[in-house]
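Residue-level structural notes
Each chain, written out:
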Amino acid sequence: MKFIHTADWHLGKLVQGVYMTDDQRFALEQLLEAVERERPDAVVIAGDLYDRAVPPTEAVELLDETLSRLVIGLDTPVIAVAGNHDSPDRIRFGSRLMAGRGLHLAGRYDPDAEPVRLRDGHGEVHFHLLPYCDPSVVRLALGDESIRTHDDAMRAAAARLAERLDPAARHVLVGHAFVTPGGRPQDNTSDSERPLSIGGAEHVDARHFDPFHYAALGHLHQAHWVGRESVRYAGSPLKYSISEERHRKGWLVVELGADGEASVEQRLLEPRRDMRRVSGYIRDIEATKERSDDYVFVTLLDDNPVLFPMEKVRAAYPNALHVERRPLAPPAAAGDGPASAADRGGARRATDPASLFEGFYREVRGTELSESKKRLFQEVCGRVLGGEEAAG
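My aim in this report is to walk through the structure given alongside it, one point at a time. Predicted, not measured: the structure shown is a model, and the values here were computed from it.

A look at a nonpolar patch on the surface
A cluster of nonpolar side chains, contributed by Leu376, Val380 and Val384, occupies part of the molecular surface with about 240 Å² of accessible area. Structurally, Val384 is set in helix 11 (residues 371–391).

What to know about helix 6 (residues 150–163)
For helix 6, with 14 residues, the first-to-last C-alpha span of 20 Å sits near the 20 Å given by 1.5 Å per residue. Among the residues of helix 6, those classed as buried are His150, Asp151, Asp152, Ala153, Met154, Ala156, Ala157, Ala158 and Leu161. Along its buried surface, helix 6 packs onto strand 8 (123–130), helix 5 (135–142), strand 9 (170–176) and strand 11 (203–205).

What to know about the packing of helix 5 against helix 6
Helices that pack against each other are described as a pair by the angle of their axes relative to one another and the distance between those axes. In contact at an axis separation of 8 Å, helix 5 and helix 6 are set at 40 degrees when each is read in the N-to-C sense. By the angle between their axes, helix 5 is oblique relative to helix 6. Here helix 5 runs over helix 6; the crossing is left-handed. Counted together, Pro135, Val138 and Leu142 of helix 5 and His150, Ala153, Ala156, Ala157 and Arg160 of helix 6 form the full contact between these two elements. For the contact of helix 5 with helix 6, the residue count by class is 6 nonpolar, 1 polar and 1 charged.

Calculation criteria
- Residues numbered from 1 in each chain as written.
- Predicted model: local features only at pLDDT ≥ 70, side-chain atom pairs only at ≥ 80, totals over all residues.
- Heavy atoms only, no water.
- Patch = residues over 30% accessible without salt bridge, like charges linked within 9 Å, V, L, I, M, F, W, Y side chains within 5 Å.
- Areas by Shrake-Rupley, 256 points an atom, 1.4 Å probe, with all protein chains shown as cover.
- Salt bridge = Lys/Arg side-chain N within 4 Å of Asp/Glu carboxyl O.
- Helix = DSSP H or I, 4+ residues; strand = E, 2+ residues; numbered from the N terminus.
- Expected span 1.5 Å × (residues − 1).
- Buried < 20%, exposed > 50% of the residue type's maximum accessible area, 1.4 Å probe, protein only.
- Contact = heavy atoms within 4.5 Å.
- Axes fitted to C-alpha atoms, helices over the stretch in contact; angles between N-to-C directions.
- Parallel < 35°, antiparallel > 145°, perpendicular 65-115°, else oblique.
- Left-handed = near helix turned anticlockwise from the far one by under 90°.
- Nonpolar A, V, L, I, M, F, W, Y, C, P; charged D, E, K, R; others polar.

Structure follows, in structure tokens:
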């Protein structure tokens, strides 16, 4: 059995005020070409098809077009669950009607849901769908008041599935959760992933998936395995924040052998535009002969303020998303603790404007005011004060 594992499309995503729909269409076109070329038995989407519960019209149209081409045009079953960004009711609308055609969508947790059954030359493969759900939903559905955390909820839901597994079949779980080894907090996320809860209560133990031959997961945007190589995140198809700059984006091709042993290969996507960092002085950026359409986050190294920085940066990088100046160095310590504080306090209490400015510059910039800048300040300050006296 060969299937494609993908997740976290986040259709309708808005990054720094820019809709990513055209980039998403470009990526999904490559996925469709891969399905036509590789002829998998199914495509699995492990949640977060949309970026928000009420997606923009363009995102709805893109999903409709993509699913139609997969299921109808390429005659490939699609098995998908809702993620924490999706609206469960919107995802599951018409699911019973569409299941007969090969589109299997699970929006809400159903403890009595039947698996999606596919068959190959070695027998049946059962896909068990566990959409994202708050612990309170599982607690109510199972009538178990001990369920308080996401780990509690996944333990109970997976155990209920495990009780009914057909030993003659191979089993794939499709879920959406923050899964880590042992359910311990782990920094394996990015800025574009919405926290599932406050503190460590969102983490789920990978061992809950031990009864299954493969666990197709969504939520974390970097492709990786957890605990064992058959518990996998496919990652998102595109970079959705600069914290994902070094991620290698794509999808996974999974093949289940006769005994359920899973072999996994990652296929990489070629993005329409990359997302990356650029740093340099504004004069060098303006003079560069590199004109790139990438989404760039620019850090300016200039000591002095830059007027209209975004307009200047976009001369070379028209799709620049963010411009910032490098963090200022901490104030240079002329002495130890109290002595330095006393020095700075004395500078602030000085009545001479030049001394006040010199002390302010030292605290903010962390360096001494140069003689040229000091003379310039005195000259300008003298003109201003002289003008006020003349007006008086």
